[in-house]
Amino acid sequence: MNEKGKMICISQFLKIGIVWILMVMAVTASAAESKVAPPQEEKLVPSDTELETMTVTAQKREEDVQDVPISMSILSDMFITDAGITDMKDLSFFTPNLYSQQVVNQNMMIIRGISSHSVALNTPVGLFVDDIGYPLTLMQNPDLLDIERVEVLRGPQGTLYGRNTEAGAVNIITKQPDNEAMGKVFVEPAFYDTPDQEVFSIRTGGAVSGPIVKDTLFFGVSGQYENSDGYTENIYDNDDKAAKIDHLNGQAKLRWKPSDPLDITMVLNGYENNDGYGYLRYIDGPAQSDRYKVNWDGNNEWTDKNNGQALRINYSGTAYNLVSITTRNDYSTDFINDGEFGPTVYPDQVFIFEDTVYSQELRFSSADETSPLTWIAGVYGFTEEVDAHAEYFGSTYITNYECDGFAVFGQGTYTIFDRLHLTAGLRYDYQEYEGEQTLNSIADPYGARFDHGEWLPKASVSYDINASAMAYATVARGMLAGGYDYGFASSSDTLVFKPEFTWNYETGLKTSWFDNKLTINAAVFYVEIEDKQVQEYLNGGPLRDITNAAKASSKGFELEMTARPVPGWQVFAGIGYADAQFEEWKSEQTSGEIIDFEGNNLTHAPEYTFNAGVQYNHPSGFFGRVDVTGLGDYYTDAKNTVKVDGYETVNLKFGFEGESFQVSLWCKNVFDEAYLTTKSYYFGGHTAQDGAPRIIGSTFIYRF
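Residues numbered from 1 in each chain as written. Predicted model: local features only at pLDDT ≥ 70, side-chain atom pairs only at ≥ 80, totals over all residues. Heavy atoms only, no water.

A. Region of interest: empty space enclosed by the protein. Counted under the stated rule, the structure contains 10 cavities of 30 Å³ or more. Considering only enclosed or pocket space, the second largest cavity measures out at about 550 Å³ in volume. In terms of lining residues, the second largest cavity is bounded by 36 residues, among which Ile80, Thr81, Ile85, Lys184 and Arg203 are the most central. When residues of the lining of the second largest cavity are traced back to their parent elements, those giving at least two are α2 (77-83), β10 (182-193), β11 (198-213), β12 (217-228), β35 (622-631), β38 (647-657), β39 (661-668) and β42 (694-703). Counting residues per element, the lining of the second largest cavity draws most heavily on α2, which supplies six residues. Residues of the lining of the second largest cavity, tallied by class, amount to 14 nonpolar, nine polar and 13 charged. (1 Å grid on protein atoms, 1.4 Å probe; cavity = no way out; pocket = protein on both sides within 12 Å on 5 of 7 lines; lining within 4 Å. Points joined across faces, edges and corners; volume = space filled by probe spheres on them. Helix = DSSP H or I, 4+ residues; strand = E, 2+ residues; numbered from the N terminus. Nonpolar A, V, L, I, M, F, W, Y, C, P; charged D, E, K, R; others polar.)

Following this line, the structure appears as structure tokens:
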């Protein structure tokens, strides 16, 4: 860190520290007078060295995470708060072999290196928030609000989750209201420390929940707001809000328990973001500009709106359990950006996407926990409407399509000798598409219909070596749905592409040591990818075409460790390695040259990701934490000619935890590591997006 950086760090910590010292004194005095005991569920000081047992619903039923034969990471509400995780991009840094591809508003999650093409709307990783699916790439970086836990499942989850989970799934579970009345408010001022200026940022919000009628009716309400001018400046017109941040999101829950067996929850959530799109700059060529400086003469607008609803009905019986989940998710985004990301006069690019999905799932499951057989079976149906408007390079594409689908599925586990668990599952997934596209250079619209029905099986064997160790092996098939090429098609023949599939072969070991003071989980995997969706540059045809022309594979491992070696200390680490490559693919280019892509890496597939950290909580209430995260190099093009260098960042945090409040000072990217999140060749140079600079801030949380 240079002298300027050191002085800025000291200056900002002093500014924020003085403010928070005054607030701590005021709140401490207030807390001393209060006779109401605060909720203890979020208290950060561990009472002993035993690790907390994590209950998950990855397999649609409650289980101890150490008993589930899936490579998975669980991030609790306390971990998310301690690590300063605010969205899915942050979360990916703490999860082995999960990478969030960040190209301004495209945030495709990639697990084990399994990525997709640049005009993909569907993604290889399913994202679900309280059972509400978020199917589009553009939706995969939501702000996190009132979180109970996040479950990251690696490997295909097609049997229980269906389409678009060929690489894995992420479940975000928010807090459920109950008889305990509680609330929380927080405020988080911070500064982006760019080379030329300090940019203020503020994030604030709160949550409250409790009973309306004891034991019967409960409510929960939460909200959050974030605002900043952003850390990018447009030097063309001296606009210091080129990458502004303006986020508002909220959620409401109403829970009704008319009787012991019946539990009904209604969830309403939504967000609205009005941000700047000015992130991409030239790092070479005639339009080159410096870090955090764009040079655009065109427009810069970006708006996201989303609202979702879910009705979940749980019936817990003596013979069976029943769950009904009804959801609706409505999303729209529009963004306008400079046509060539530089100062040359050129028409702007305009993109508008709208997506509305309705779904219904009905599940039955076994209720007898003492039986050697546990099972789950269900039916699922959905209908989806997508509208896409793409305007660039003088072409205007308007694409509309509908997709209807249904599935039947089941999975059962039979236990032999109390230690050997045999699991088999199967899903039949059917989808039907109908769509049409207009292109301004072609007189008549053109359309295409297609359908497909797929079997998605799973089989696993797990064995309890002893009470603290379990080994497993799994085989599963996953699917990434087909779709419509909204940006490059020119006829019915080039409008659609079909689904791609994965076969995942995995073996793993989950262990606990020293009276549950240490957990070490490991998995190794091999993934075969068939009918890989790829972009092909055609000679004499459209500029690009999306086809199912390739085969690929990914192989590697995940290793995670969590420990509480002595009272007050927590140590955690994780590493993931994925070698994701094309196995077969030859493609003719616009020049007529045929390129063989065999052995090339898949795009946006870092070879490794890692995180390591330690936290200490003193009995007095003071605490400190350090995290190191990083990832390896990756390519952004299938030819492997454009590489983004890997990077590592360090985060620091220290503070004080009282009975009803927490105050902390923190710094992300302490050493102001300069890194890129994407890079591509464009208009005679390479455009790239800078990673976030050093961020210095503080957080104050008050619980009641």
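B. Representation of the nonpolar core. With 107 residues, the main nonpolar core has Ile85, Leu91, Val170, Ile172 and Phe582 as its most contacted residues. Those residues in contact with Ile172 that lie beyond four places of it in its chain are Met88, Leu127, Phe128, Val129, Asp130, Pro142, Leu144, Ile147, Arg149 and Val150. Within the second largest apolar cluster, 14 residues are counted, among which are Val56, Val68, Leu153 and Leu160. (Core = buried A, V, L, I, M, F, W, Y, C linked by side-chain atoms within 4.5 Å. Buried < 20%, exposed > 50% of the residue type's maximum accessible area, 1.4 Å probe, protein only. Contact = heavy atoms within 4.5 Å.)

C. Representation of the confidence of the model for the protein chain. Across the protein chain, the average pLDDT comes to 91, with 92% of residues at 70 or higher. Here residues 1-47 scores under 50 on pLDDT; set against residues more than four positions off or in separate chains, the count is 69 contacts. (pLDDT = per-residue confidence, 0-100.)

D. How the structure looks around unusual backbone geometry. One non-glycine residue, Asn97, lies in positive phi territory at about 60 degrees. With respect to the helices and strands, the residue Asn97 is situated in the loop between α3 (88-92) and β4 (98-100). For Asn97, a relative accessible area of 4% corresponds to the buried category. Positive phi, close to 75 degrees, is recorded for Asp131, a residue that is not glycine. By the secondary structure assignment, Asp131 is in the loop between β6 (125-129) and β7 (132-133). By relative accessible area, which is 30% here, Asp131 ends up partly exposed.

E. Local environment of a negative patch on the surface. There is a patch of like negative charges on the surface, built from Glu301, Asp334, Glu354, Glu385, Asp387, Glu402, Asp404, Glu432, Glu434, Glu436 and Asp451. At the level of elements, β21 (373-392), β22 (395-416) and β23 (420-439) are the ones that each hand at least two residues to the negative patch. For the negative patch, the element with the highest residue contribution is β23, accounting for three residues. The topology assignment puts Glu402 in strand β22. (Patch = residues over 30% accessible without salt bridge, like charges linked within 9 Å, V, L, I, M, F, W, Y side chains within 5 Å. Areas by Shrake-Rupley, 256 points an atom, 1.4 Å probe, with all protein chains shown as cover. Salt bridge = Lys/Arg side-chain N within 4 Å of Asp/Glu carboxyl O. Lys, Arg positive; Asp, Glu negative; His and termini not counted. Charge placed at Lys NZ, Arg CZ, Asp CG, Glu CD.)

F. Examining the sheet that holds strand β9 (residues 168-174) more closely. A sheet is described by the order of its strands in space; here five strands give the open sequence β3-β8-β9-β6-β7, paired in mixed fashion. One side of each edge strand has no neighbouring strand; the edge strands of this open sheet are β3 (72-76) and β7. Two elements, strand β8 (residues 147-154) and β9, share seven bridges in a ladder whose sense is antiparallel. The partner of Glu151 across the bridge, within β9, is Asn171. (Pairing = 2+ DSSP bridges.)

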